[in-house]
Amino acid sequence: MDTTLRDGEQTSGVSFVPHEKLMIARLLLEDLKADRVEVASARVSEGEFDAVKMICDWAARRNMLPRVEVLGFVDGHTSVDWIHATGCRVINLLCKGSLKHCSCQLKKLPEEHIEDILAVVDYANVQDMEVNVYLEDWSNGMKDSPEYVFQLMDALIRTNIKRYMLPDTLGVLNPLQVIEFMRKMVKRYPHAHFDFHAHNDYDLAVSNVLAAVLSGCKGLHTTINGLGERAGNAPLASVQAILKDHFSAVTNIDESRLNDVSRVVESYSGIVIPANKPIVGENVFTQVAGVHADGDNKSNLYCNDLLPERFGRKREYALGKNSGKANIRKNLEDLGLELDEDAMRKVTERIIELGDKKELVTQEDLPYIVSDVLKHGMMDERVNLKSYIVNLAYGLKPMATLKIEINGKEYEESSSGDGQYDAFVRALRKIYKVTLGRKFPMLTNYAVTIPPGGRTDAFVQTVITWSFEDKVFRTRGLDADQTEAAIKATVKMLNIIETEYEKMD
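Residues numbered from 1 in each chain as written. Predicted model: local features only at pLDDT ≥ 70, side-chain atom pairs only at ≥ 80, totals over all residues. Heavy atoms only, no water.

Some details on the sheet that holds strand β2 (residues 68–73)
In spatial order, the strands read β1-β2-β3-β4-β5-β6-β7; together these seven strands make up an open sheet with parallel pairing. Of all strands in the sheet, those bounded by a partner on one side alone are β1 (37–41) and β7 (219–221). Strand-to-strand, the axes of this sheet are offset by a mean angle of 30 degrees, without reference to chain direction. For strand β6 (residues 194–197) and β7, the ladder comprises three bridges, and the chain directions are parallel. Pairing of D195 across the sheet is with G219, part of β7. Helix-sheet contacts for helix α8 (residues 175–188) involve β5 (163–167) and β6, and the interaxial angle to β6 is about 160 degrees. (Pairing = 2+ DSSP bridges. Helix = DSSP H or I, 4+ residues; strand = E, 2+ residues; numbered from the N terminus. Axes fitted to C-alpha atoms, helices over the stretch in contact; angles between N-to-C directions. Contact = heavy atoms within 4.5 Å.)

Section: the sheet that holds strand β13 (residues 442–449)
What the three strands build is an open sheet, ordered β13-β14-β15; its pairing is antiparallel. For this open sheet the edge positions go to β13 and β15 (471–479), each flanked by a neighbour on one side alone. Direction aside, the axes of adjacent strands within the sheet are offset by 20 degrees on average. When strand β14 (residues 460–468) meets β15, the two strands line up antiparallel, connected through nine bridges. Within β15, the residue paired with T465 across the bridge is R474.

Re the nonpolar core
Residues V39, L93, V133, W138, M185, F194 and F196 are the most contacted members of the largest nonpolar core, which totals 90 residues. Looking at this core element by element, the count peaks at seven residues for helix α7 (residues 146–156). Beyond its immediate sequence surroundings of up to four residues, F196 is in contact with W138, L166, D168, V178, M182, N208, V209, A212, C217, G219, L220 and H221. (Core = buried A, V, L, I, M, F, W, Y, C linked by side-chain atoms within 4.5 Å. Buried < 20%, exposed > 50% of the residue type's maximum accessible area, 1.4 Å probe, protein only.)

Spelled out as structure tokens, the structure:
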């Protein structure tokens with residue numbers, strides 16, 4: 001069960017608007033094929049109500065409504081009525097799974113809390129709703145007051161509650177404790193369906209999930225990118241890969257869609273995926289050391305079962321001071337370029353020199369580096385920026401005027417924009433789309449950094465990701481001025497697409 005839209009939204013600073021929630025729910029259920037999704041908490045806001053209603057309307061039309069769940073509270077009829085009004089028919093009822101929570105937060109005796117829970121369950125049944133229960137703080141309950149946990153379970157097991165969801169609410173368990181506590185639950189209640197809900201405070205969420213599976217748990221709670229309260233929850237991608245590769249477990253998850261869904265959630269949540277995050281991180285299928293690239297050329301010596309193609313990705317070979325000729329040759333092969341040994345040595349030395357300066361080198365930079373190093377025009381400059389001016393004035397939109405030479409012919413254009421670089425690109429787009437009647441690439445990502453170790457007056461590094469003719473590529477510009485760095489990256493892009501046009505001709 002994926003809880004990105006409920007517990008994941010409890011990540012600090014994350015708030016999904018209704019249409020984003022619907023899009024993520026559709027991706028989880030239709031593309032990733034998660035078994036269930038928890039999409040909200042009851043009574044939060046009108047916007048939350050609208051979001052759940054949209055999701056339930058969509059799910060009902062596709063016979064998926066039983067797979068949509070909402071967190072509710074032991075509050076008489078209030079949560080049940082709220083959830084029922086959205087069209088949802090599954091309530092995940094939040095109960096107290098430790099004596100401390102029951103007595104200190106609710107200030108009630110266990111018998112009183114049990115009576116309140118049973119009343120909500122009975123009312124939900126009258127409304128024809130399926131009920132699952134969370135035993136909140138179950139982990140501390142098993143550590144400090146197991147007799148309370150068993151008292152609660154003994155009372156609830158006689159109802160028609162479908163799933164008992166056991167959360168490590170504060171992320172305090174280790175795998176050995178999960179095994180001990182989960183086995184006690186399974187042994188005492190062999191016919192109950194137990195879910196395990198991990199938190200990652202000690203970076204043990206994935207390990208604890210696996211311990212729960214090995215101990216008889218039947219359901220797992222995950223989130224995309226490990227979003228969630230505090231340090232987050234168990235990330236779905238990691239759990240899926242480990243279950244499949246280490247335990248031969250079969251799930252319904254479509255691995256090939258994991259990366260795409262992760263990127264959508266990254267965009268909507270604003271929480272950037274760490275570059276080294278397993279499965280979905282930017283760098284996890286990138287070989288840096290030259291010896292690794294060399295080994296991949298010789299029977300894939302540095303590959304494991306986590307093949308990038310499984311997850312809709314491809315292996316890349318980084319360019320920098322550790323690259324070596326094998327990495328560079330791999331990238332050149334992708335570009336269709338071949339160099340002799342002397343040329344390879346010179347290009348390698350140049351890339352190492354750039355790496356020592358902590359500059360990023362992308363695959364798209366290679367033709368320019370080759371041309372610059374070898375000085376024999378391997379990369380024709382089909383597009384040359386002859387001159388440009390961009391200005392910014394208070395109360396007025398930024399303006400840009402440029403003169404550019406494309407395949408020997410000069411063009412001039414002006415435009416306004418939301419920023420100086422936006423104005424520059426709009427002027428370019430006019431030349432390509434209006435004057436030349438051609439397609440112009442779509443800018444899909446724009447990242448600006450100061451190279452690590454730089455001072456306040458260091459170069460600005462701009463890496464722009466483009467999409468053109470179903471191909472995604474990046475170009476880089478380096479300059480003391482951010483706009484100039486972006487313009488340099490854009491001119492590189494234009495030369496690349498001119499080369500593509502020549503191939504098509």
